[in-house]
Amino acid sequence: MKKPVETAVKALQKKFSLELHEYQGETTLIIQPEDLVKAARLLRDVYQFDMLIDETAVDYWPQETPRFHVVYQLYSTETNSLLRLRVPLNGHEPAVDSLVSVWPVANWHEREIWDMFGIRFNGHPDLRRILMPYDWQGHPLRKDYPLGYEEVQFTFNYDEIRQRKPYANQKPGRKSDV
Amino acid sequence: MSDVREVTLEELRHLVSERALSGETMLLNMGPQHPSTHGVLRLLLELDGEIVVNCIPDIGFLHTGVEKNMEAKTYQKAEVMTDRLDYLYNIGNNLVYSMAVEKLVNLDVPPRAQAIRVILTELSRIASHLIWLGTSALDLAAMSVFLYGMREREYILDIFELVSGQRMMTTYVRPGGLWRDVPVEFEDAVRNFLKIMPKRLDEYEALLTKNELFLDRTKGIGIISKEDCLAYGLSGPILRAAGMAYDLRKARPYSGYEQYDFDIPTQTDSDIYARYLVRVEEMRQSLRIIRQALDTLPFGPVRSNNYKFVPPPRSEIGTSMEALIHHFKLWTEGFSAPKEYVHAAVESPRGELGVYLEGDGGPKPLRVHYRTPTFVNLQALPLLTRGHFVADVVGIIGSIDIVLGDADR
């Protein structure tokens, strides 16, 4: 572990309850969702992690607690070091605080995670779908979302095949899905 | 038939200013089918006369679900999808994915393979910058540069065809090395390119660098501060044009870049013209790297001999039982990777191209995420365009160097 990362990790360990994970020289901190924004601010302001270079999520379905992990990859241009944060979330209506107020770049990353995984970000200024069409049903990167190979719908059997599709029985056009 | 829903104004209300609601400013749709949006980018512009008050980018028209598809394929087969992301930097896409896999399973890469990787990624950086140079100058009505740029790019694509049989979707870089060694003609072809290219770069510069019309359209337009660059995660030539010498090839060297001597060009004006100067100089630096890599190109194998992950050579399969078993296992089941996660990144022509890769213990990745520079850089478009003319929006989009396949994945 590089020196600047080590100091940051030690300081965070005193303040929050977190789990340390290391693999191939990469340091990961698994942190509870309620501590995330506080820890992020601390890392940015005191430990010079000035760039959020990546934010994504992972789905561990069928495991439910935790089902998702949100992954934040931080980088410090001052000390040239990387640090990763992971936040575990449960499967039922997953939500975590938004980091847009800390790093504005999180805006589109969080929209993408909402679009692809259905994880809500509290306090996000503009949580709309970004890659999928705005009236899309479901969240494609979830593991229980089927991968293609769907029956082709023609005019004469459109409704019949539609009934067999996984998201057919959801009501379309709910505001929460925008 | 299906349930098509119209988006109501209510849901977009928070994106525009109060003046738009009273009709004082105008909302104008630009794209997705517009020649200067470099693909399928849609912009919703809020205009006060001809001045941009706000710009709302809308992406996703080229979304092909690459990440979802990769989860359903083995590590080797998933690589084919990566070519299709940033279609101007295919070898780099392969490289960053291969680097992530190598890190995940702890696989070595022979030095010759690393040097060839460097040569090819630098060649494709030049090819990508040539397309950028041509198209962004074309947007500003300088037509001839595009034709010249395509001429030299064609030469680079011929080199790719020589080594891999494909002009664009090469899949030449594989986890553990390369698909095969380069043919004997490779060195001459690259040396010939190194000979002609500096003169050609001077030609482009003669057309643009002191061109009055080009300067008028680029100087002082699309300025963003260094602090905003960091907050919005901008990387690549945009960040370097804002005065920060951040280049992954120097900051976190990969594939042996630490052996080569090259400079990171920077500018401080942070406008379109500064980005132009940075990119042109980058092409010269790439030539420098290629020359050094070619001069010191070591001999030896181009693939790791760890046959648990890399298929053994064809010649061994007929004589060695073990090689046959490895070959069979690799191409039916694939190799399994540990339940771990890694991050790898390379410097793409557009900025930092990263991969987050997580294994689940089996032969297929649990999650592959591409951190693509275009996706992140596009987010700052509202910041860059505010207060400029609609005509300048076109120049600013060109200066970000967007590739929508990269943004939408």
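If you're wondering where the values come from, they're calculated on a predicted model, not measured in any experiment.

A. Examining the domain arrangement of chain B more closely. Segmenting chain B into domains produces domain 1 (9–58) and domain 2 (66–304 + 337–371). For domain 1 of chain B and domain 2 of chain B, the distance between their C-alpha centroids amounts to 32 Å.

B. Structural view of the confidence of the model for chain B. Looking at chain B as a whole, the pLDDT averages 88, with 97% of positions reaching at least 70. The ipTM for the predicted assembly is 0.88, set against a pTM of 0.89.

C. Representation of the sheet that holds strand 1 (residues 26–30) of chain B within the structure. Residues and elements named next belong to chain B. Taken in spatial order, the 3 strands of this open sheet run 1-2-3, and their pairing is antiparallel. Where the open sheet ends on each side, the last strands, each with one partner, are strand 1 and strand 3 (51–58). Between one strand and the next, the sheet's axes are offset by a mean angle of 25 degrees, whatever the strand orientation. Note that strand 1 and strand 2 (residues 42–48) share 5 bridges and pair antiparallel. Looking at the pairing, Met26 lines up with Leu47 of strand 2.

D. Molecular detail of the packing of helix 1 (residues 3–15) of chain A against helix 2 (residues 36–45) of chain A. All names here are of chain A. Interaxial distance between helix 1 and helix 2 falls to 11 Å at its minimum, and their mutual angle equals 150 degrees. It follows that helix 1 is roughly antiparallel to helix 2 by the angle criterion. You can see that helix 1 and helix 2 cross each other, and the crossing is right-handed. Residues Ala8, Leu12 and Lys15 of helix 1 touch helix 2, and the partners they reach there are Ala39, Leu42 and Leu43. Across the contact of helix 1 with helix 2, the residue classes tally to 5 nonpolar, no polar and 1 charged.

E. Representation of empty space enclosed by the protein within the structure. Residues and elements named next belong to chain B. Considering all chains together, one arrives at 5 cavities of 30 Å³ or more under this definition. The volume enclosed by the largest cavity comes to roughly 60 Å³. Taken together, Tyr87, Leu88, Asn90, Ser124, Ala127, Ser128, Arg153, Leu157, Phe160, Arg167 and Met168 make up the full set of residues lining the largest cavity. For the lining of the largest cavity, the secondary-structure elements that each account for two or more residues are helix 6 (111–139) and helix 7 (144–164). Class assignment of the residues belonging to the lining of the largest cavity gives a composition of 6 nonpolar, 3 polar and 2 charged.

F. View of the sheet that holds strand 4 (residues 68–76) of chain A. Residues and elements named next belong to chain A. An order of 1-2-5-4-3 is seen for the 5 strands of this open sheet, with the pairing classed as mixed. One side of each edge strand has no neighbouring strand; the edge strands of this open sheet are strand 1 (18–23) and strand 3 (51–59). Here the average twist between neighbouring strands, direction ignored, is 20 degrees. Bridge count between strand 3 and strand 4: 8 bridges; the pairing is antiparallel. Bridge pairing in strand 4 links Leu52 to Leu74. Along the sheet, helix 2 makes contact with strand 2 (26–31), strand 4 and strand 5 (81–89), crossing strand 5 at roughly 175 degrees.

G. How the structure looks around the nonpolar core. In this structure, A:Tyr72, A:Ile119 and B:Leu123 are the most contacted members of the largest nonpolar core, which totals 168 residues. Per-element accounting of this core gives the leading share, 13 residues, to helix 6 of chain B. Among the domains, domain 1 (9–58) and domain 2 (66–304 + 337–371) of chain B are the pair contributing at least three residues each to this core. Apart from residues lying up to four places away in sequence, A:Ile119 is in contact with A:Ala57, A:Phe68, A:Val70, A:Leu89, A:Pro94, A:Ala95, A:Val96, A:Ile113 and A:Trp114. With 6 residues, the next largest nonpolar core counts A:Ile30, A:Val58, A:Val71 and B:Leu366 among its residues.

H. Looking closely at the interface of chain B and chain A. Contacts between the two partners involve 53 residues from chain B, matched on the other side by 55 residues from chain A. In total, about 4700 Å² of surface goes out of reach between chain B and chain A, with carbon and sulfur atoms giving 59% of it. Here chain B is connected to chain A by 4 salt bridges. For B:Glu358, the salt bridge goes to A:Arg86, with nearest N and O atoms at 3.5 Å. Remark: the boundary between chain B and chain A carries 22 residue pairs in polar contact (both at pLDDT 80 or more).

I. View of the packing of aromatic side chains. Residues and elements named next belong to chain B. Applying the stated criterion to the full structure yields 14 aromatic pairs over all chains. Both rings, one in Tyr75 and one in Phe335, keep their centres 5.5 Å apart while their planes meet at 10 degrees; by these two values the pair is stacked. In this pair, Tyr75 sits in helix 4 (residues 75–82) while Phe335 sits in the loop between helix 15 (321–332) and strand 6 (341–348), placing the two residues 260 residues apart along the sequence. Residue class for Tyr75 comes out buried when judged on its relative accessible area of 1%. Ring plane angle 25 degrees and centroid distance 5.8 Å describe the contact between Tyr155 and Phe193, whose orientation is recorded as stacked. Here Phe193 lies in helix 8 (residues 185–208) and Tyr155 lies in helix 7, a separation of 38 residues in the sequence. Among the residues examined, Tyr155 registers a relative accessible area of 25% and is labelled partly exposed. A relative accessible area of 0% places Phe193 in the buried class.

J. Layout of a nonpolar patch on the surface. Nonpolar side chains collect at one region of the surface, where A:Val152, A:Phe154 and A:Phe156 lie side by side and expose about 380 Å² of accessible area between them. Structurally, A:Phe154 is set in the loop between strand 7 (120–122) and helix 4 (158–164).

K. Inspection of helix 8 of chain B at higher detail. Residues and elements named next belong to chain B. In this model, helix 8 (24 residues) spans 34 Å end to end at C-alpha, consistent with the 34 Å of a helix rising 1.5 Å per residue. Approximately 30 degrees is the largest bend angle found in helix 8, and it occurs at Met197, with the proline Pro198 only one to four residues beyond. For helix 8, the set of buried residues is Phe186, Ala189, Val190, Phe193, Leu194, Ile196, Met197, Leu201, Tyr204 and Leu208. If you follow the buried residues of helix 8, they end up packed against helix 6, helix 7, helix 9 (212–218) and helix 13 (272–295).

L. Spatial organisation of the layout of surface pockets. Its volume calculated, the second largest pocket comes out at about 450 Å³. Lining the second largest pocket are 20 residues, and of these A:Arg128, A:Arg129, A:Tyr134, B:Arg42 and B:Asp58 sit closest to its centre. Of all the secondary-structure elements, those providing two or more residues to the lining of the second largest pocket are strand 2 and strand 3 of chain B. At 3 residues, strand 3 of chain B tops the list of elements feeding residues into the lining of the second largest pocket. Looking at the lining of the second largest pocket residue by residue, the class counts come to 14 nonpolar, 1 polar and 5 charged.

Conventions used here
- Residues numbered from 1 in each chain as written.
- Chains lettered and ligands numbered in written order.
- Predicted model: local features only at pLDDT ≥ 70, side-chain atom pairs only at ≥ 80, totals over all residues.
- Heavy atoms only, no water.
- Domains from an automatic or database assignment.
- pLDDT = per-residue confidence, 0-100.
- Pairing = 2+ DSSP bridges.
- Helix = DSSP H or I, 4+ residues; strand = E, 2+ residues; numbered from the N terminus.
- Axes fitted to C-alpha atoms, helices over the stretch in contact; angles between N-to-C directions.
- Parallel < 35°, antiparallel > 145°, perpendicular 65-115°, else oblique.
- Left-handed = near helix turned anticlockwise from the far one by under 90°.
- Contact = heavy atoms within 4.5 Å.
- Nonpolar A, V, L, I, M, F, W, Y, C, P; charged D, E, K, R; others polar.
- 1 Å grid on protein atoms, 1.4 Å probe; cavity = no way out; pocket = protein on both sides within 12 Å on 5 of 7 lines; lining within 4 Å.
- Points joined across faces, edges and corners; volume = space filled by probe spheres on them.
- Core = buried A, V, L, I, M, F, W, Y, C linked by side-chain atoms within 4.5 Å.
- Buried < 20%, exposed > 50% of the residue type's maximum accessible area, 1.4 Å probe, protein only.
- Buried area = accessible area lost by both parts, 1.4 Å probe.
- Salt bridge = Lys/Arg side-chain N within 4 Å of Asp/Glu carboxyl O.
- Polar contact = N/O pair within 3.5 Å; in protein donor to acceptor, adjacent residues only side chain to side chain.
- Phe/Tyr/Trp six-rings, centres within 6.5 Å; stacked < 30°, edge-to-face > 60°.
- Patch = residues over 30% accessible without salt bridge, like charges linked within 9 Å, V, L, I, M, F, W, Y side chains within 5 Å.
- Areas by Shrake-Rupley, 256 points an atom, 1.4 Å probe, with all protein chains shown as cover.
- Expected span 1.5 Å × (residues − 1).
- Bend = angle between axes of the 7 residues up to and from the residue.

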